[in-house]
Amino acid sequence: MDEESLLLSLELASGSGQGLSPDRRASLLTSLMLVKRDYRFDRVLFWGRILGLVADYYIAQGLSEDQLAPRKTLYSLNCMEWSLLPPATEEMEMQTSVVKGRFMGDPSHAYEHTELQRVNEGEKVFEEEVVVQVKEEIRLVSIIDQIDKAVAVIPRGALFKTPFGPIRVNRTFEGLSSSEAKKLSSYFHFREPVELKNKTLLEKADLDPSLDFMDSLEHDIPKGSWSIQMERGNTLVVLRSLLWPGLTFYHAPRTKNYGYIYVGTGEKNIDLPFML
Amino acid sequence: MGDLPPDPEPPPQPTSSLRNSQVSERRRSREHSRPQPTVPEEVQQIPLDAQLLRGCRELVSSQINRGWSQGASLTPSENFIFQAEEAQRGGIEYPSLNTGFPSEVQPQTYSSEGRLQASHNASLILQQLQQGEGNLFQQLESAYQEPRADLLGQYTRYQREDLQFSQDTQHGPYLRDDPALQFSPSELGFMPFNMEVTEPEPRELAVQNAKAYLLQTSINCDLSLYEHLVNLLTKILNQRPKDPLFLLESLHRSTRLEFYSPGSGKVTVEKAGTAVPNIMEKAFYLEQAGVGLSSDESFRIFMALKQLVGQQPIHTCRFWGKILGLSRSYLVAEVEFREGEEEEEEEEEMMGGGDVMEAHGEESDEGNEGEEKATDVTRKPTWKPPPVVPKEESRNGANKYLYFVCNEPGRPWVRLPHVTPIQIVQARKIKKFFTGFLDAPVISYPPFPGNEANYLRAQIARISAATHISPLGFYQFGEEEGDEEEEGGAGRDSYEENPDFEGIPVLELVDSMANWVHHTQHILPQGRCTWVNPLQKTEEEELGEEEEKADEGIDEAGQEVGPPLLTPLSEDAEIMHMSPWTARLSCSLSPQYSVAVVRSNLWPGAYAYASAKKFENIYIGWGHKYSPENFNPSLPAPVQQEYPSGPEIVEMSDPTVEEEQALAAAEQEEEAEEAEEEDEGQDD
């Protein structure tokens, strides 16, 4: 959620039950402003909160002019001092795929995982048990990246593509209409498109190249992994992801207010197919 | 009963002079033009007084019509009774007189009852006058006595009826005091003269009666008619409006409102307000903890709970939490009905479980039949469904509270059925999202016995049993302590608030989990909080000794024991080396004003806060348990054996074609041999 409209956004996203206490809110308002100034971000988003056993991580992301460019992620334990996280790589993802369970809340905590590795010593090939240590920081980076790629949502029309390539925020976005807001096809993944090129020419003909340049949520697998609801008597549409429980996207139709926040344990819900 | 004045002689007409002093202005203002040129002066005063009277009547009647409809509804009946009585006594017919009256009386604006009564009384007296002129006085007296007795009787009846304002008795006192007023002057023009035997004593008594009557307070407030009239006239005299007659009604109403409203305030105290919890305070604390819905949503929930309390006979009520669903979410209220108020809901039969079990039975039956070759008798399946564990009684164990759900504040509240042990057992095996519709089926394996309402209720029961905690010492056990040993594994199941609870410092609450205790009973693997042996048949209590012993053996092996009530959290089982609870201070920057927040790791979404002497539990989440491993659905049951092999049924392989042909050939040979033998036999 945008740092500029933090308070309103928190209130609109409160339907999922998780919010921030007043002291955190106050700290966020000031510290995010400072972060924006120091790192020279164009926009700062309060990404959310990952609940750990000992402490919670508060995550913020900074965007540059191009909205789809790789974002810088920062974390904080007390909403006042922010530290930059390294960008995510494939290797990190592989490493963290073996780690399961809750976050500890200590960034230097090391998860230990024993692996069997083949070690070549000369001509002998034998397997050795190697203890691989994965730092929680790495895990944090990877999880945030996965969540972003999987379930970060933006409504159709909020961003537009300029002819030169960069994606800009659409200042004339007045919000989705009430009927559009209830359809999953009006929402896009906030990431580089993956499936767009697989569409047939016929489908592409109907798209508006300046607005429809991202994947929509409609074709997500498994089908039904999004829960779309109207709250507050039809004045607020809330999308909740079932794959990453804790991600809430809210949008008030016909207004410019939209945003998403993740408050959860940082674990993927692998049991989703059983639960639907 | 009634206080009959000592002198039956009626006070005659010139009471008007006195009355003038009492109510001057109204009389003047109520002058109507009546066609009575020949009536003498004194008699003229009668219509004025009568007008006054009738004005009085009208006012009160307007009061009646607005406020006390009960009174108005009674008056016609009373009137008729009175008239009936009178008719019985008098046996009179007034053919000609009645016609005169209505035209006379029409310009007046009072209702017809008074008119009729006046006409009847007048007719009575007139007739008697016509009948006998000599005994005028006597007849008058008698005539007066009767109606007066009637009137008085009516008056007393009125008193008996306890301040029921009725039209007839409104003008009663005056009439009784001066019955001459009720007669129209035209017919009885001369009468007032004759009745002018004034005696001050009964008059004064009558006046006192009248005043006492006026001072009676009304039903709805502490104001009496007398006071109200005083207020009204004072107001009119102070303000001196230009057309007071025209404004009379509105002035009357406004005066009444001025003095009426403070008295009426006390009636509207809400007694039901005590049952509704203070949601806003809890929402404040939860907000400090960083949990919970926004404050306007909380307020809407408060209003919705208030509505619920008004609709149902609720003793205590609590906002349990919110369960998110796919299309809609559920707001859950935990409620306890008043003693004895609980209605028995229709028994919702377990559709899914029972039907499925029967289906299994039928399949095995068919299997058996298919395999039989020789016997015609159908075999009964030997499979019996496992005994059903009875569900817990209301207000016990898992069914201690009743739960109401609604989708959004403002929608109607729906009551959830009680939970049965089998539902809890099955709910532990499945993991499904809630759709938001209570009647949606729960399609799962193993099949859940019930629809979404039952599944929701089962999850609520599990969450309550696992995550409802309170600071140590807030609740204590009752005074009975002797049953602890006898109950064995059952333990105590009731607790009460500790009046001496002084609160635990917030830092200590956060430090150690031993400072928190569960105050809901743990649900045993059986699905209940108190163990029940399903094999025992409660009806057949007189089991043979041998059977009892055999059962006891099973009992001891199967009895399930859970942690007793009020166990501290430090004794909760860990999840994969992880404590099941996480405790924090709500704000580390100001620890002296912080709230202790405890979060469950086993049921993500369950929170509890405690501060000084207050605490609260809430759940906001999807309604599922956290499991570090993947969800493994139960495997289907192993394939059943088709039939038991025994001496009766033995599976044999079918004979092959060669064998059959060999058999057939062998039989043919035998027949041929027998035929030859017979031929040979016959030849001999």
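Below you will find a few notes about this structure. Keep in mind the model is a prediction, meaning the values are calculated, not measured.

The next thing to look at is the overall build of chain B. Scanning chain B from N- to C-terminus turns up 22 helices and 12 strands. Residues classed as buried in chain B amount to 45% of the 684 residues present. Residue pairs at least 24 apart in sequence account for 70% of intrachain contacts in chain B once pairs closer than 6 positions are excluded. Working note: accessible area of chain B is about 37,000 Å², and carbon and sulfur atoms make up 52% of it.

Time to look at the interface of chain B and chain A. Counting from both sides, the interface comprises 38 residues of chain B and, opposite them, 40 residues of chain A. Ranking the residues of chain B by area buried against chain A places Leu326(B), Phe433(B) and Trp622(B) at the top, with a combined share of 16%. Linking chain B to chain A there are 6 salt bridges. Between Arg232(A) and Asp296(B) there is a salt bridge; the shortest N-O distance is 3.1 Å. At the junction of chain B and chain A, the tally comes to 25 residue pairs in polar contact (both at pLDDT 80 or more). Tallied by class, residues from the side of chain B that touches chain A come to 15 nonpolar, 12 polar and 11 charged.

Another point: the packing of helix H17 (residues 421–429) of chain B against helix H18 (residues 452–467) of chain B. All names here are of chain B. For the pair H17 and H18, the least separation of the axes is 9 Å and the interaxial angle reads 85 degrees. Judged by the inter-axis angle, H17 sits roughly perpendicular to H18. Across from Gln423, Ile424, Ala427 and Arg428 in H17, the residues of H18 making contact are Asn454, Tyr455, Ala458, Gln459, Ala461 and Arg462. When the residues that make up the contact of H17 with H18 are grouped by side-chain class, the tally is 5 nonpolar, 3 polar and 2 charged.

Bringing the pattern of salt bridges into the picture now. All names here are of chain B. Here the structure, examined in full by the defined rule, presents 23 salt bridges over all chains. Between Arg300 and Asp296 there is a salt bridge whose closest N-O contact spans 3.2 Å. One end of the pair is Arg300 and the other is Asp296, both in helix H15 (residues 295–311) and 4 residues apart, which spans about a single turn. Measuring nitrogen to oxygen at the nearest pair gives 3.0 Å for the salt bridge that ties Arg300 to Glu297. With Arg300 and Glu297 both in helix H15 and 3 residues apart, this pair spans about one turn of that helix.

Looking now at the side chain of Thr582(B). Its place among the elements puts Thr582(B) in strand E9 (residues 581–585). Among the polar contacts made by the side chain of Thr582(B), one reaches the side chain of Asn601(B) at a distance of 2.9 Å. Thr582(B) has contacts with Gly52(A), Leu53(A), Val597(B), Val598(B), Arg599(B) and Asn601(B), leaving out every residue within four places of it along the chain.

Residues and elements named next belong to chain A. Within strand E12 (residues 236–241), 6 of the 6 residues are buried, which leaves the element mostly enclosed by the surrounding structure. Alternating residues of E12 divide into Leu236, Val238 and Arg240 and Val237, Leu239 and Ser241, and every residue in both groups is buried. Across 6 bridges, strand E11 (residues 226–231) lies against E12 in antiparallel orientation. In the sheet register, Ile228 faces E12, and the bridge partner there is Leu239. Remark: 4 residues form the turn of the hairpin made by E11 and E12, two consecutive strands paired antiparallel; Arg232 in that turn has positive phi of roughly 55 degrees. Strand direction decides the pairing type here: E12 and strand E13 (residues 247–251), joined by 4 bridges, are antiparallel. By the bridge assignment for E13, Val237 is matched with His251. What sits between the antiparallel neighbours E12 and E13 is a turn of 5 residues, in which Gly246 has the positive phi angle 125 degrees.

Reading guide: rules and limits
Residues numbered from 1 in each chain as written. Chains lettered and ligands numbered in written order. Predicted model: local features only at pLDDT ≥ 70, side-chain atom pairs only at ≥ 80, totals over all residues. Heavy atoms only, no water. Helix = DSSP H or I, 4+ residues; strand = E, 2+ residues; numbered from the N terminus. Buried < 20%, exposed > 50% of the residue type's maximum accessible area, 1.4 Å probe, protein only. Contact = heavy atoms within 4.5 Å. Areas by Shrake-Rupley, 256 points an atom, 1.4 Å probe, with all protein chains shown as cover. Buried area = accessible area lost by both parts, 1.4 Å probe. Salt bridge = Lys/Arg side-chain N within 4 Å of Asp/Glu carboxyl O. Polar contact = N/O pair within 3.5 Å; in protein donor to acceptor, adjacent residues only side chain to side chain. Nonpolar A, V, L, I, M, F, W, Y, C, P; charged D, E, K, R; others polar. Axes fitted to C-alpha atoms, helices over the stretch in contact; angles between N-to-C directions. Parallel < 35°, antiparallel > 145°, perpendicular 65-115°, else oblique. Pairing = 2+ DSSP bridges.

Honestly, that's just the spatial picture; any functional story needs more than this.
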